[in-house]
Each structure stands twice: as structure tokens, then as C-alpha cells.
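Each chain is listed here by its residues.
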Amino acid sequence: MRLKNKRVIITAAASGMGRAGCELFAREGASVVAVDIDAARVQEVARNVTAAGGQCTALVADLLDPAVCRHFIDEAVVRLGGLDVLWNHAGMPGLRDVENLDLDGYAKAMDLNVRSAMIATGTAIAHLRRAGGGSVVFTASVAGLVGASVSPVYSTAKFAVVGMAKSFALRYAGEKIRFNAVCPGQVETPMLAQFYDPNASAEEAAAAQARTLAAIPLGRVAQPAEIAHAALWLASDDASYVTGVALPVDGGYTAR
Amino acid sequence: MRLKNKLALITAAASGMGRAGCEVFAREGATVFAVDIDEARLKEVVGAVEAAGGKAFGLVANLLDPQTCRGVVAEAVAKLGGLDIVWNHAGVPGLRDVENLDLDEYAKSMDLNVRTSLVISGAAIPHLRQRGGGSVVFTASTAGLVGASVSPVYSAAKFAVVGMAKSLALRYATEKMRFNVVCPGPIETPMFPQFFDPNASKEAAAEAQARTIAAIPMARMGQAIEVANAAAWLASDEASFVTGVALPVDGGFTAR
């Protein structure tokens, strides 16, 4: 059990990679607070994990609200009795259009992808310090390592997340708090479809999807558990000398 | 057990990270074929793995000879009954001096750090293919990601290893063979002192070592097991969507 007795918070925990993370982390011995805006689904995740013998409770929060970002960490820490691991997984696809930039859509993408992680992490540090150290994992993206034609806004936000993780790593290394980012490529999740143009015809959508797959050396999209395994490794003491790293889980996409 | 029934070849297995690799791979269920030039210490490693309930074979070999490299793979396959994992860990510090480059020493450094890994990987590929895929791990260095003032030769060789791994990843991705690199920072091993000037005074040597540690955000050197854990993760099916990645295990050194 690689996270035995670790106290963990995971955001965007109700589906996809976050959900896989709750299941996996709990199986490895962690006590998990699963955070999501979708009350019904996050409660279902907590119930399923508990039914499988794990420790997991649901916490409903809208991370677009900065006050909530502070509060949900403190609330989770009260439940857990402390904090060892935070996985900042919450995020959203960015806008496609930049020529007529929708400033509200832009602000939302930056706030959820960047600001929520910054506030949550900043709030968590005091708790991690009290535990004598800890591990924070961010979910960035391959779009945080190389450009993303489909959404410059998303790429901008995810590069920011990588920069944030590396800078936190430098600042808190002396306090044994590690900060790393997982950089998923295409993952089979409910969110994946949102990256494609909603106005495209069925043929255009199929062609776009085929182009995407053709760019992945492994020739397939990832399963959510494959990203959760990377987050688990970074969160665990196995990665005790790993900090400030942006780890691609991308089927070879950024090896080019 | 994350490497249950896996057949693994590890080079430079008699000490430091390679030795830690033999121990952790075997503990995770792999049968290990351990290769080193140092017969006495290799025997000791195989004995230690067996004493802990693991399975290991040892083979003494000088990997500077390309024919030997091919022979090592053939022998490993014969003993193990196949091959799933190769950890190309063998390497040597490079020269410090570039103004009066010693061509023999240069060739030795490039041969052991680069050619050996390419010959072994090339020879291993048909065997991995026979098993329906596999995972190859290389040991590069942070000097394979950023320059190394102390030894441009070492850095050149390790950048080459990173390029090799990424290119092999692209070429063999569809055959379910993954190729990744661990990039250790300064690790407490028998090889580590060799990176420093042998002609330096005791004070100068201590000062150089202090400067090295001062450049590491975590303010300590890594332990061999911390690198072996990274190699084990990359070798395992948990990293099934990870290929062409150069993973720093460096206490935050390259986060700058």
C-alpha cells in the first residue's frame, strides 16, 4: 500500500481521471476527500469507494469561487485530521476562438485551470507543513508543454500550471513539500469530446478525431487509470526525490 | 507486485542505482538478469536478491565491446526464457578536460554511455516483440536535459541517450514497446565522487560538493533507491501510456 494512512484531497473527483484517482488512492491506503461541483456524481464516487472498503467522503464545491477554494481545503483538512497529499485535478477545456475572444469564457478558463489550483495549493501549504511535508500534484496537459492549435487559451492556462508547479517546488523544497504536474495527452473521459468543435459535422468531427489519434505514437487515447497511476506515483514516497517535474502521460505525443 | 512474472535485464547492476534496481524489481515479482563488469560485487547482489526471496541471475560482461552487448542479450533471453524489460543503466562519468581532449577517453565515454545502450536495445527489440511488447528504460542524467559545466562530454553523451530513447519510442510505439529515460541528479553512489576533480585538494573537493548540493532545491543528494523506484514505475504496466519521456529524479534541480 503506497499511500498507507495518507490524507488526500482530489479535486474534479466525480468522473474521468479524478474518479480513477479516488478509487486508486483509496485502494493504496489513503483517506480521500473527493471534491467536485457535481453533487450526485461525487457522492456516488464516495459511496463506491467506501463500498469497496476504502475511505472516501464527498465534498461539493464550486472552485470558480476563490473563497470556496480556500474554504474547501480547510473543510477537508478538518475531516481528514490533516493533509499529506493534494491533487489539483480540476480544469476545463479553453475556448477555441481567439479572434473574437469571449472575455468571460477566457476568465473562466484561467480561473478554473490556474487560479483555483493556486489558491487551493496556497491554502494547503500550511497544513502540509504541519504534517512535516507532503506532495502536491497538478493536472496540466501536453498543452502545458507544447502549443495547442485547437485552444491557445487552454495551452496558456496549462503552461501557467506547469510554471506554478515548478516555482512552488523551488520555494518549498526545503520544507519537504514536493510539487509535480501530470501532463495527460488525450484521455478517454467525459471531457474529451468538449475539446472538439461542437458545430462540426459528424464527418468533420470524425476526421478531427482521426487526426488526433494519428499524432499519438501509441495510436490510442489513454484510459483515466493510466493518468491516475502517474499521479499516485508522484504523490507517493516512491517519488521522494522528484519535485518540479512535468510528467507527460501522452502515448509519446511530446517525444517528437 | 507491479512486475509480476516480468523478465528483466539490468546493466551496471552491481552497485548504486543498478543494485537497488535489482532488489526492487525482484521484490515486485520480476526475474532479474543482472549484468556488471565487477564479478565479486555482482555475486553479492544476486545473493542478496535470492536471500530476500527474489529470483536473479548474474552475468559478468564488459559492455564496451559491442559483440559482448549482443551476447548479453542473447544470454539473458536464454536464461530468462524471454525478455519484457531492459534497464540500460551502464554508464561512466565523462572527461572534464575539453581543451586537450583525450580521444581514447572520449570514445570510451561515448561508447559506454551511448553505443552500449543502442546495441543492447536493438538486440533486445526482436525479443520484446516476441512477447507482444515491453518496456526499455535508459539512465541518462540531468546532464542529458541541461548543460553540465563539469563535463561537456558527459552531457553530450546523456543528451544523446535522451534523443535515442525518444526516437525509439516513436519508432516502436505501435508495437507496444515503450522507451523512457530516468534523469538522476546527484545520487549517493560509489560513482558519484568520480564526477569531481581527482586532483583537487580536500578543501576544494568539499567545496565543489557543497556547491552541488546548494544547487539542489531539496538540499540533499538522492538515494539510489529513489532512482530505482522511478525505473520500476516506468518499467511497469502502470506507465502503459508513458513513452518517450525523460523523467528527472533530481530534487528539483531542473525545475529552475
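This section reports on the structure supplied with the text. This structure is a prediction, so every number in the text was calculated from the model and none was measured.

**Regarding the overall build of chain B**
Here comes step 1: Counting secondary structure elements, chain B contains seven helices and seven strands.
Here comes step 2: In terms of overall size, chain B behaves like a compact globule, its C-alpha atoms giving a radius of gyration of 17 Å where 256 residues would be expected to give roughly 18 Å.
Here comes step 3: Considered along the principal axes of its C-alpha atoms, chain B spans approximately 50 × 40 × 35 Å.
Here comes step 4: Buried residues in chain B amount to 56% of all 256 residues.
Here comes step 5: A sequence separation of at least 24 residues applies to 74% of the contacts in chain B between residues at least 6 apart.
Here comes step 6: Total accessible area on chain B is roughly 10400 Å²; 53% of this is exposed by carbon and sulfur atoms.

**Quick word on the overall build of chain A**
Here comes step 1: Within chain A, the secondary structure is distributed over seven helices and seven strands.
Here comes step 2: Secondary structure elements of chain A, listed N to C terminal, follow the sequence β-α-β-α-β-α-β-α-β-α-β-α-α-β.
Here comes step 3: Taking 256 residues into account, the globule formula puts the C-alpha radius of gyration at 18 Å, and chain A, at 17 Å, falls close to it.
Here comes step 4: Along the three orthogonal principal directions, the C-alpha set of chain A runs to about 50 × 40 × 35 Å.
Here comes step 5: Per-residue burial for chain A yields a buried fraction of 57% across its 256 residues.

**Points about the packing of helix α4 (residues 103-130) of chain A against helix α5 (residues 152-172) of chain A**
Working note: a packed helix pair is described by the angle between its axes plus the distance between those axes.
Residue and element names in this part refer to chain A.
Here comes step 1: One can describe the packing of α4 onto α5 by two numbers: an axis separation of 9 Å at closest approach and a directional angle of 15°. The angle between α4 and α5 places the two elements in the roughly parallel class. Helix-helix and strand crossings are classified by hand; for α4 and α5 the assignment is right-handed. The segment α4 lies against α5, with Tyr106, Ala109, Met110, Asn113, Val114, Ala117, Met118, Thr121, Ile125 and Arg129 engaging Val153, Tyr154, Thr156, Ala157, Lys158, Ala160, Val161, Met164, Phe168 and Tyr172.
Here comes step 2: Among the residues making up the contact of α4 with α5, the classes are represented as 15 nonpolar, three polar and two charged.

**A look at the pattern of salt bridges**
Residues and elements named next belong to chain A.
Here comes step 1: Tallied over the entire structure, the rule returns 22 salt bridges over all chains.
Here comes step 2: Close ionic contact of Arg2 with Glu28 constitutes a salt bridge, the shortest N to O distance being 3.6 Å. Remark: Glu28 occurs in the loop between α1 (16-27) and β2 (31-36) and Arg2 occurs in the segment before β1 (7-11); sequence separation between them is 26 residues. Of the two residues, Arg2 and Glu28, both sit in the buried class.
Here comes step 3: With a closest N to O distance of 2.9 Å, Glu226 and Arg220 form a salt bridge.
Here comes step 4: Using a relative accessible area of 8% as the deciding quantity, one classes Glu226 as buried.

**Observations regarding the packing of helix α3 (residues 66-80) of chain A against α4 of chain A**
Residue and element names in this part refer to chain A.
Here comes step 1: At their nearest, the axes of α3 and α4 sit 9 Å apart, and the two run at 35° to each other. Remark: the crossing between α3 and α4 carries right-handed chirality. Between α3 and α4, the residues in contact are Pro66, Cys69, Arg70, Phe72, Ile73, Asp74 and Val77 and Arg115, Ser116, Ile119, Ala120, Thr123, Ala124 and His127, respectively.
Here comes step 2: Its residues placed into classes, the contact of α3 with α4 shows eight nonpolar, three polar and three charged.

**Let's talk about the interface of chain B and chain A**
Here comes step 1: Between chain B and chain A, the contact holds 33 residues from the first and 33 residues from the second.
Here comes step 2: Our count for the contact surface shared by chain B and chain A stands at two salt bridges.
Here comes step 3: Here Arg2 of chain A makes a salt bridge to Glu238 of chain B, at a shortest N to O gap of 2.6 Å.
Here comes step 4: Inspection of the region where chain B meets chain A yields 14 residue pairs in polar contact (both at pLDDT 80 or more).
Here comes step 5: Split into classes, the residues belonging to the side of chain B that touches chain A amount to 17 nonpolar, nine polar and seven charged.

**Brief notes about the packing of aromatic side chains**
Here comes step 1: Taken as a whole, this structure holds eight aromatic pairs over all chains when the rule is applied.
Here comes step 2: The interplanar angle of 25° and the centroid separation of 6.1 Å between the aromatic rings of Phe168 of chain A and Tyr172 of chain A together place this pair among those described as stacked. Here Phe168 of chain A pairs with Tyr172 of chain A, and both are found in helix α5, just four residues apart, close to one helical turn.
Here comes step 3: Judged by centre distance (6.0 Å) and plane angle (15°), the rings of Phe25 of chain B and Trp87 of chain B are stacked. Of the two residues, Phe25 of chain B is situated in helix α1 (residues 16-27) and Trp87 of chain B in strand β4 (residues 85-88); the sequence distance between them amounts to 62 residues.
Here comes step 4: Overall, Trp87 of chain B belongs to the buried group, its relative accessible area being 0%.
Here comes step 5: Through a chain of ring-to-ring contacts, the aromatic side chains of Phe138, Phe168, Tyr172 and Phe179 of chain A assemble into a single cluster.

Quick notes on the rules
- Residues numbered from 1 in each chain as written.
- Chains lettered and ligands numbered in written order.
- Predicted model: local features only at pLDDT ≥ 70, side-chain atom pairs only at ≥ 80, totals over all residues.
- Heavy atoms only, no water.
- Helix = DSSP H or I, 4+ residues; strand = E, 2+ residues; numbered from the N terminus.
- Rg over C-alpha atoms; globule rule 2.2 N^0.38 Å.
- Buried < 20%, exposed > 50% of the residue type's maximum accessible area, 1.4 Å probe, protein only.
- Contact = heavy atoms within 4.5 Å.
- Areas by Shrake-Rupley, 256 points an atom, 1.4 Å probe, with all protein chains shown as cover.
- Axes fitted to C-alpha atoms, helices over the stretch in contact; angles between N-to-C directions.
- Parallel < 35°, antiparallel > 145°, perpendicular 65-115°, else oblique.
- Left-handed = near helix turned anticlockwise from the far one by under 90°.
- Nonpolar A, V, L, I, M, F, W, Y, C, P; charged D, E, K, R; others polar.
- Salt bridge = Lys/Arg side-chain N within 4 Å of Asp/Glu carboxyl O.
- Polar contact = N/O pair within 3.5 Å; in protein donor to acceptor, adjacent residues only side chain to side chain.
- Phe/Tyr/Trp six-rings, centres within 6.5 Å; stacked < 30°, edge-to-face > 60°.

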